[in-house]
Structure formats: C-alpha cells, structure tokens
Amino acid sequence: MRITISLPGDILKSAEDLARLRGVSRSALFVTAMRQLVARESETRAKLDAIYGNPRIYLPSPFRNVMAKALRKARGGYEW
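This section reports on the structure supplied with the text. (Residues numbered from 1 in each chain as written. Predicted model: local features only at pLDDT ≥ 70, side-chain atom pairs only at ≥ 80, totals over all residues. Heavy atoms only, no water.)

1. Re a nonpolar patch on the surface
Taken together, Met1, Ile3, Ile5, Leu7 and Ile11 make up a surface patch of nonpolar side chains, about 610 Å² in accessible area. Looking at where isoleucine 5 falls in the secondary structure, it is placed in the segment before helix 1 (9-22). Owing to a relative accessible area of 52%, isoleucine 5 belongs among the exposed residues under this scheme. (Patch = residues over 30% accessible without salt bridge, like charges linked within 9 Å, V, L, I, M, F, W, Y side chains within 5 Å. Areas by Shrake-Rupley, 256 points an atom, 1.4 Å probe, with all protein chains shown as cover. Salt bridge = Lys/Arg side-chain N within 4 Å of Asp/Glu carboxyl O. Helix = DSSP H or I, 4+ residues; strand = E, 2+ residues; numbered from the N terminus. Buried < 20%, exposed > 50% of the residue type's maximum accessible area, 1.4 Å probe, protein only.)

Structure follows, in structure tokens:
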C-alpha cells in the first residue's frame, strides 16, 4: 500500500543515509522502523496493563491519577 507522509528534512536525510549504509531501500527502512515501533509500544502497553490494568492493585490517589493519564496516552496514541 502506498501512502504519502511529510517528514522534517533532517529526518529524511538521516533515513536516506541509513538506508544507503544498510543497502536497503528507503521504504524497507521505514517498514523496519515502524514494525519495531509498533512491537515496542505493544509490549509496553501489555506490561502497563499487566501492572496497572488490574483493579485489585491498590495505588494511592495521586498515583492512580498519574497512571490513569499514562494508560490513556499509551492506549490512545502519540504526540508527534
């Protein structure tokens, strides 16, 4: 599937340099990077759910608020 994205010039240049260094296409480099990011975020989300997704775990109120905010962010997306 083809998509169009906008990248800052310095990121694009770094990606092109790295792709050339690795001997892969720019598309292959971005596919690898996205797969790694998605896997890492999925693992992080699973770990947070395992720890804080259990309603039987007691956290003092200030910590509950912070963790609830972190979980919403982890489940809801990213600030690019």
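2. Notes on helix 2 (residues 26-52)
The periodicity of an α-helix, 3.6 residues per turn, causes residues three or four positions apart to be oriented the same way. Under the 1.5 Å per step criterion, the end-to-end length of helix 2 is 38 Å for 27 residues, consistent within 8% with the ideal 39 Å. Within helix 2 the residues assigned to the buried category are Leu29, Leu37, Glu41 and Leu48. (Expected span 1.5 Å × (residues − 1).)

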